[in-house]
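Fold and contact review
Here's the letter readout for the chains.
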Amino acid sequence: MGGITGFVRSGSLGVAFAVLDDGSGACDPNDEVLVAAPNWTTAARLMRERGYRRVPKQPDRLKPSPDAVALAVSTPGVVYRRKWAAGEEWQPMA
């Protein structure tokens, strides 16, 4: 699922969005993942800490929805996930 990533600025934070597979079978094969962080490198580290593998080193140009950006910016550092293209609510990861 390479190439389904994005990073947008919102004030002093950026919001990273990616469609990822954690490879462990602990999550759905393809999750949408969202997190607010100062930069892509920090966001990618936070995603990896939650078990996601193969997080790209650079984001592509995909943009998360305005609602997703608002959610992530309201809770910086919290990684959210939902099943890819299912229209579900974002769920924070423990």
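Scroll up for the structure.
A brief look at the structure comes next. Everything quoted here is computed from the prediction, not taken from an experiment.

1. Here's the deal with the nonpolar core
- Judged by nonpolar contacts, the single largest core of 15 residues is most densely connected at Leu20, Val35, Met47, Tyr52 and Val55.
- Secondary-structure elements contributing two or more residues to this core are β2 (13-20), β3 (31-37) and α1 (40-49).
- Here the element with the most residues in this core is α1; it accounts for five residues.
- Beyond its immediate sequence surroundings of up to four residues, Val35 is in contact with Gly14, Val15, Ala16, Ala43, Leu46, Met47, Ala72, Gly77, Val78 and Val79.
- The next biggest cluster of nonpolar side chains, apart from the first, holds 13 residues, and it includes Ala36, Ala72, Tyr80 and Trp90.

2. Some points on the environment of Pro56
- Note on placement: Pro56 falls in the loop between α1 and α2 (66-74).
- Along the chain, Pro56 and Ile4 lie 52 residues apart, while their C-alpha atoms are 9.5 Å from each other.
- Setting aside its immediate chain neighbours within four residues, Pro56 contacts Thr5, Leu20, Trp40 and Arg48.

3. What to know about the sheet that holds strand β5 (residues 91-92)
- Pairing is antiparallel in the open sheet, where five strands are placed in the order β1-β2-β3-β4-β5. Every interior strand has two partners, whereas the edge strands, β1 (5-10) and β5, have only one.
- Where β2 meets β3, seven bridges bridge the pair, whose relative direction is antiparallel. When the sheet's bridge partners are listed, Phe17 is paired in β3 with Leu34.
- Seen against the sheet, α1 touches β1, β2 and β3 and runs at an angle of roughly 130° to β3.
- Sitting on the sheet, α2 is in contact with β1, β2, β3 and β4 (80-83), with an inclination near 50° to β3.

4. What to know about the side chain of Glu32
- Following the sequence through the fold, Glu32 ends up in strand β3.
- A relative accessible area of 6% places Glu32 in the buried class.
- Sequence-distant contacts of Glu32, defined by excluding residues within four places in its chain, comprise Phe17, Ala18, Val19, Tyr80, Arg81, Arg82, Lys83, Trp84, Ala85 and Trp90.

5. What about the packing of aromatic side chains?
- All chains considered together, the criterion is met by two aromatic pairs.
- Seen from their ring centres, Phe7 and Trp40 are 6.2 Å apart, and the 85° between their planes marks the pair as edge-to-face. Remark: Trp40 occurs in helix α1 and Phe7 occurs in strand β1; sequence separation between them is 33 residues.
- Since its relative accessible area comes to 21%, Phe7 is described here as partly exposed.
- A residue is classified by how much of its surface remains accessible, and Trp40, at 7% relative accessible area, is buried.
- For the pair Phe17 and Trp90, a centre-to-centre distance of 6.4 Å together with 85° between the ring planes defines the contact as edge-to-face. Taken together, the residues Phe17 in strand β2 and Trp90 in the loop between β4 and β5 connect sequence positions 73 residues apart. The burial state of Phe17 is the same as that of Trp90; both residues are buried.

About the thresholds
Residues numbered from 1 in each chain as written. Predicted model: local features only at pLDDT ≥ 70, side-chain atom pairs only at ≥ 80, totals over all residues. Heavy atoms only, no water. Core = buried A, V, L, I, M, F, W, Y, C linked by side-chain atoms within 4.5 Å. Buried < 20%, exposed > 50% of the residue type's maximum accessible area, 1.4 Å probe, protein only. Helix = DSSP H or I, 4+ residues; strand = E, 2+ residues; numbered from the N terminus. Contact = heavy atoms within 4.5 Å. Pairing = 2+ DSSP bridges. Axes fitted to C-alpha atoms, helices over the stretch in contact; angles between N-to-C directions. Phe/Tyr/Trp six-rings, centres within 6.5 Å; stacked < 30°, edge-to-face > 60°.

Honestly, that's just the spatial picture; any functional story needs more than this.
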